[in-house]
Number of protein chains: 2
Amino acid sequence: MKDVINIGIIGFGTVGVGAVKLLLENADSIARKVGSRLVIKRVADLDIASPRPVAVDPSLLTTNAYDVLDDPEIDIVVEVIGGVKPADDYIKRALESGKHVVTANKELIAKEGSELLPLASRLKRDLMFEASVGGGIPIIRPLKTCLAGNEILEVKGIVNGTTNYILTQMKDEGISFSEALRQAQERGYAEADPSSDVDGHDAAYKIAILASIAFTSRADVAAVYREGIREISAEDLRYADQLGFAVKLLAIAKRLNEGMSVRVHPAFVPKSHPLAHVNGVYNAIFVRGNAVGEVMFFGRGAGSEAAGSAVVGDIIDIARNINTGATARVSCTCFDKLPMLGMENVSCRNYVRIIAEDKPRVLAAIAAEFANYEVSIQSVLQRMLPDSCAEIVWLTHEAPEPSMKAALDAIRRLPVVKHIGSRIRVED
Amino acid sequence: MKDVINIGIIGFGTVGVGAVKLLLENADSIARKVGSRLVIKRVADLDIASPRPVAVDPSLLTTNAYDVLDDPEIDIVVEVIGGVKPADDYIKRALESGKHVVTANKELIAKEGSELLPLASRLKRDLMFEASVGGGIPIIRPLKTCLAGNEILEVKGIVNGTTNYILTQMKDEGISFSEALRQAQERGYAEADPSSDVDGHDAAYKIAILASIAFTSRADVAAVYREGIREISAEDLRYADQLGFAVKLLAIAKRLNEGMSVRVHPAFVPKSHPLAHVNGVYNAIFVRGNAVGEVMFFGRGAGSEAAGSAVVGDIIDIARNINTGATARVSCTCFDKLPMLGMENVSCRNYVRIIAEDKPRVLAAIAAEFANYEVSIQSVLQRMLPDSCAEIVWLTHEAPEPSMKAALDAIRRLPVVKHIGSRIRVED
């Protein structure tokens with residue numbers, strides 16, 4: 001058992017500050033749990049001048065990441081700069097010089113995990129990334145250990161707090177996407193360039209990571225179907241509520257006979273489902289296993305201290321491995337090569353909102369096109385709009401994606417149809 | 001890395017069957033994750049004649065637990081008979097003969113954990129008990145690892161599926177406790193003698209276990225305040241709904257300056273809280289840490305396969321420890337000796353339903369007694385009952401338990417008061 005385990009941190013932004021704060025504030029209790037003191041030996045960031053909400057001995061600060069990577073006394077490197085470059089080089093260098101690594105970097109693990117994780121295994125080093133999904137919510141480790149006896153059939157969740165905040169505001173305040181985005185930006189819940197969140201990139205990285213662990217097969221993030229929330233309107237949220245649903249940006253991974261279906265898109269979630277009640281910046285991840293049935297993990301999906309909690313949990317786990325000579329105790333488990341299935345394998349109910357001319361037989365004409373492609377209808381609502389238009393809202397029964405696509409293409413071509421306001425899949 | 005790790009199972013009832021089923025059905029995927037095949041070497045039960053929903057080679061079955069305990073080839077013993085005796089002797093014997101132990105036995109861990117867990121630590125053996133709380137829901141291991149960087153401030157949850165099922169039925173069907181209990185018994189969700197569930201013993205064991213881990217200090221289960229759900233009426237559930245609450249049997253552990261407050265009692269839970277939406281046999285455990293904020297774990301709290309999932313998760317964790325020479329990697333963490341605080345330290349809002357004579361000034365008389373003991377009132381509802389009686393429902397502001405008790409004693413003595421129908425604490 002080592003007296004001291006030295007930590008080096010690369011990135012002194014939101015997550016880095018959260019981890020440092022926790023390591024300092026809870027140092028005594030952590031030391032008792034680990035059997036060694038965890039000491040912050042070095043903190044690297046390009047900006048070491050700006051004040052941070054935690055006090056660190058200035059002599060620990062450096063602008064050179066290699067002061068961390070090349071320090072032979074550092075046992076565990078924490079990479080919390082984000083992005084692929086130069087994070088991947090730093091992590092490789094750390095592993096190759098015998099260090100263990102904790103990262104919160106979802107983009108890197110999603111894109112380069114297939115290289116980095118086997119490298120760590122070969123070198124008998126730990127590479128942990130609990131903070132990459134769900135902020136402080138335990139999900140990676142429960143999947144890898146507590147639920148490891150199960151065949152996991154499905155993982156789905158609300159894994160992006162920004163979009164969930166925007167959708168919640170749109171519903172509660174009856175405001176548009178652009179207004180809700182503006183408010184989220186003002187309050188610091190959305191970036192100036194919101195694309196990573198609102199277009200579903202962030203969620204795609206996260207669900208690729210979860211799918212890889214759940215199905216023991218690497219999910220190729222480039223093959224994850226992705227649709228964001230820019231097209232969702234306040235009307236859609238109102239109709240959803242009326243029909244008994246909440247609208248959520250869901251990240252979904254399902255194990256099917258032929259492979260895995262991994263996708264990110266807005267979805268109607270029945271109010272009877274626990275995910276429908278996850279609001280604001282909260283995240284929740286729902287897992288279905290062949291033995292455990294349904295379990296859900298809920299909490300703050302972002303924020304300095306929540307992400308710091310996950311990073312420090314990983315550090316503690318690695319420190320225990322160091323102290324028992326058991327590093328790389330749980331390695332990469334991507335044993336299989338399951339195909340990534342396209343959307344043509346998806347079959348679901350659908351909500352469709354159509355703006356059409358308010359003329360006789362419009363409803364019949366649209367219904368006929370649905371019928372032509374064997375999409376059967378569960379319910380229809382129609383209301384008048386100004387300018388002799390009608391808004392017609394359809395809830396279909398379960399239909400294969402190709403049928404839906406063909407039906408919508410045909411409906412779009414109908415002369416009486418002005419446009420399809422929205423089409424949102426129902427996730428039952 | 002061992003080719004084979006041998007498992008011996010004591011208890012071939014609900015949980016034992018679930019674990020055996022999973023070990024057999026998912027054997028290949030488990031072997032890949034562990035690096036060794038997990039082989040069921042022996043299964044002991046007093047009844048080996050009755051058919052089980054899983055096929056086991058009859059030569060593995062024995063009525064003698066010592067055929068498991070004394071088999072030198074068995075690495076991991078699974079104790080799933082429940083109860084204190086003889087389970088504690090079996091577990092001691094297993095540990096002392098060098099075996100690791102997995103148990104689902106909440107009563108035993110709550111009552112004898114203070115002896116068994118240090119014994120396992122001293123012998124460098126693993127003693128794991130994830131299935132003892134929340135069935136298949138990962139909670140023990142997340143507290144011990146993922147959230148270990150936090151000071152845990154609070155753990156509370158719905159940890160007994162039987163009572164949650166009964167309360168849900170009472171609400172949904174508007175039926176009495178005794179009718180809902182009868183239905184639960186018919187459907188196999190409640191025992192013939194329901195005391196362990198409905199009087200809160202089961203929940204008390206579980207919250208004592210969670211408190212011990214969360215606060216790194218052994219919670220004495222005998223000092224857990226305990227109140228069951230027998231006195232809850234359909235009216236209480238109706239008023240709760242009207243006032244914006246759900247009624248749940250909560251197990252609550254809070255870290256206060258002076259020590260820990262650990263208790264089990266029915267509670268009004270605001271509908272805005274995620275625990276309010278946990279219905280039927282589902283369990284959910286809510287954790288608040290000083291860094292992670294609020295996280296919640298949700299799922300099936302009981303059942304053969306869900307509990308089997310937790311047992312097999314523990315087996316996999318131990319097998320990985322065996323293969324890396326890291327057994328007892330995470331030992332007992334009860335470092336402190338925090339006092340168990342009595343109910344006099346609790347302060348909360350309260351719902352009180354009083355049956356009184358329908359006379360002038362009754363309401364004023366009761367209100368005066370609340371005021372005498374400095375219990376201030378948030379809202380009052382009054383309705384007529386037959387026989388010139390009135391039912392008066394009070395929601396108090398937060399009040400210390402001793403003030404509430406004194407006020408209720410004084411109100412009970414008022415000549416116009418027939419009886420206090422119920423008093424339920426609000427858990428905000």
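Residues numbered from 1 in each chain as written. Chains lettered and ligands numbered in written order. Predicted model: local features only at pLDDT ≥ 70, side-chain atom pairs only at ≥ 80, totals over all residues.

This brings us to the domain arrangement of chain A. Accessible area lost when the parts come together is the quantity often used to give the size of an interface. Residue and element names in this part refer to chain A. Each assigned domain of chain A is listed here: domain 1 (4–136 + 304–323), domain 2 (140–300) and domain 3 (346–426). Computed from C-alpha coordinates alone, the two centres of domain 1 and domain 2 are separated by 27 Å. Of the residues belonging to the side of domain 1 that touches domain 2, the class tally is 5 nonpolar, 6 polar and 4 charged. (Domains from an automatic or database assignment. Nonpolar A, V, L, I, M, F, W, Y, C, P; charged D, E, K, R; others polar.)

Below, the discussion takes up the sheet that holds strand E2 (residues 37–44) of chain A. All names here are of chain A. Overall, parallel pairing links the 6 strands, which are arranged E3-E2-E1-E4-E5-E6 in an open sheet. Only two strands of the sheet have a single neighbouring strand rather than two, namely strand E3 (61–62) and strand E6 (127–128). Of the pairings in the sheet, the one linking strand E4 (residues 76–79) to strand E5 (residues 100–103) comprises 4 bridges and is parallel in character. Bridge assignment links Val77 to a residue of E5, and that residue is Val101. (Pairing = 2+ DSSP bridges. Helix = DSSP H or I, 4+ residues; strand = E, 2+ residues; numbered from the N terminus.)

Turning our attention to the interface of chain B and chain A. In this complex, chain B contributes 51 residues to the contact, which on the side of chain A involves 51 residues. Elements represented by at least two residues in the side of chain B that touches chain A include exactly helix H1 (14–25), helix H2 (27–34), helix H6 (140–146), strand E12 (293–300) and helix H12 (304–323) of chain B. Per element, the largest residue contribution to the side of chain B that touches chain A is 10 residues, and it comes from H12(B). Of the residues belonging to the side of chain B that touches chain A, the class tally is 22 nonpolar, 18 polar and 11 charged. The sheet contact formed by strand E12 (residues 293–300) of chain A and E12(B) spans 5 bridges and is antiparallel. By the bridge assignment for E12(B), A:Gly299 is matched with B:Val295. (Contact = placed C-beta atoms within 7 Å.)

A few words now on the sheet that holds strand E2 (residues 37–44) of chain B. All names here are of chain B. With respect to topology, 6 strands assemble into an open sheet ordered E3-E2-E1-E4-E5-E6, the strand pairing being parallel. Across the chains shown, the open sheet's two edge strands, defined by having one partner strand only, are strand E3 (61–62) and strand E6 (127–128). As judged from the 4 bridges shared by strand E1 (residues 4–10) and strand E4 (residues 76–79), these two strands associate in the parallel manner. Residue pairing in the sheet places Ile10 in a bridge with Glu79 of E4. Running over the sheet, H12 touches E1, E2, E4, strand E5 (100–103) and E6 and is turned about 165° from E5. (Axes fitted to C-alpha atoms, helices over the stretch in contact; angles between N-to-C directions.)

Right, let's talk about the environment of B:Ile48 for a bit. All names here are of chain B. Note on placement: Ile48 falls in the loop between E2 and E3. Sequence separation between Ile48 and Phe12 is 36 residues; the distance between their C-alpha atoms is 8.0 Å. Those residues in contact with Ile48 that sit more than four places away from it in its chain are Leu61 and Thr63.

Each copy superposes on the other: chain B lies on chain A with an RMSD of 0.0 Å after a rotation of 180° and an axial shift of 0.0 Å. Considering both components of the superposition, the chain copies are consistent with a two-fold axis. When C-alpha distances to the rotation axis are compared across chain B, the minimum falls at B:Phe297, with a value of 2.4 Å. Looking at the interface residues of chain B, 100% of them are also at the interface in chain A, so both copies use one shared face. (Least-squares fit on C-alpha atoms with pLDDT ≥ 70 in both.)

With that out of the way, let us pick up the pairing of E2(B). Residues and elements named next belong to chain B. Looking at chain direction, E1 and E2 are connected through 7 bridges and run parallel. Among the inter-strand pairings, Ile10 is bridged to a residue of E2, identified as Ala44. Pairing geometry for E2 and E3, over 2 bridges, is parallel. Looking at the pairing, Ala44 lines up with Thr62 of E3.

Residues and elements named next belong to chain B. Direction vectors running N to C along helix H5 (residues 106–122) and helix H10 (residues 201–214) enclose 55°, while the axes themselves pass 8 Å from each other. Regarding the angle of H5 to H10, the classification is oblique. Like other packed secondary-structure pairs, H5 and H10 cross with a definite hand, here left-handed. Contacts from Lys106, Glu107, Ile109, Ala110 and Gly113 of H5 reach H10 at Asp202, Tyr205, Lys206, Ala208, Ile209 and Ser212. (Parallel < 35°, antiparallel > 145°, perpendicular 65-115°, else oblique. Left-handed = near helix turned anticlockwise from the far one by under 90°.)

Residues spaced three or four apart along an α-helix point in a common direction, a consequence of the helix completing one turn every 3.6 residues. Over its 13 residues, helix H14 (residues 401–413) of chain B runs 19 Å from end to end, which matches the ideal 18 Å to within 8%, given 1.5 Å per residue. Contacts from the buried residues of H14(B) go to strand E13 (347–357), helix H13 (362–372), strand E16 (399–400) and strand E17 (417–426) of chain B. (Expected span 1.5 Å × (residues − 1).)

All names here are of chain B. E12 sits mainly inside the fold: 6 of its 8 residues count as buried. One ladder, built from 8 bridges, connects strand E11 (residues 282–289) with E12; its direction is antiparallel. Each residue of the ladder has a partner; that of Arg288, found in E12, is Glu294. Connecting the antiparallel pair E11 and E12 is a turn made up of 3 residues. (Buried ≥ 20, exposed ≤ 12 C-beta atoms within 10 Å, placed from the backbone.)

Residues and elements named next belong to chain B. Inspection of the secondary structure puts Cys348 in strand E13. The spacing of Cys348 and Glu401 is 53 residues in sequence and 7.5 Å in space, taken between C-alpha atoms. Not counting residues up to four positions away in its chain, the partners in contact with Cys348 are Glu398, Arg425, Val426 and Glu427.

What follows is about the packing of H1(B) against H12(B). Residue and element names in this part refer to chain B. Closest axis-to-axis distance for the H1/H12 pair is 7 Å, and the angle between their directions is 65°. Read as a crossing pair, H1 and H12 show a hand that is right-handed. Here H1 contributes Thr14, Val15, Val17, Gly18, Ala19, Lys21, Leu22 and Leu23 to the contact with H12, which in turn contributes Ser304, Glu305, Ala307, Gly308, Ser309, Val311 and Val312.

Right, let's talk about the environment of B:Phe12 for a bit. All names here are of chain B. Along the chain, Phe12 falls in the loop between E1 and H1. Expressed as a C-alpha distance, the spacing of Phe12 and Leu46, which sit 34 residues apart in the sequence, is 8.7 Å. Among all residues touching Phe12, those that are not within four sequence positions of it are Val17, Val43, Asp45 and Arg52.

So, about helix H5 (residues 106–122) of chain A. Residue and element names in this part refer to chain A. When the local axis directions of H5 are compared, the greatest deviation, roughly 85°, occurs at Glu112. Those residues of H5 not exposed but buried are Lys106, Glu107, Leu108, Ile109, Ala110, Gly113, Leu116 and Ala120. On the buried face of H5, the contacting elements are helix H4 (87–96), E5, E6 and helix H10 (201–214). Lys124 occupies a position one or two residues after H5 and carries a positive phi of about 60°. (Bend = angle between axes of the 7 residues up to and from the residue.)

The omega torsion of the bond from A:Lys85 to A:Pro86 falls at 0°, within 30 degrees of zero and hence cis. Secondary-structure assignment places A:Pro86 in the loop between E4 and H4. Notably, B:Glu374 is not glycine yet its phi reads approximately 60°, a positive angle. Here B:Glu374 is to be found in the loop between H13 and strand E14 (377–385). For B:Glu374, a count of 11 C-beta atoms within 10 Å corresponds to the exposed category.

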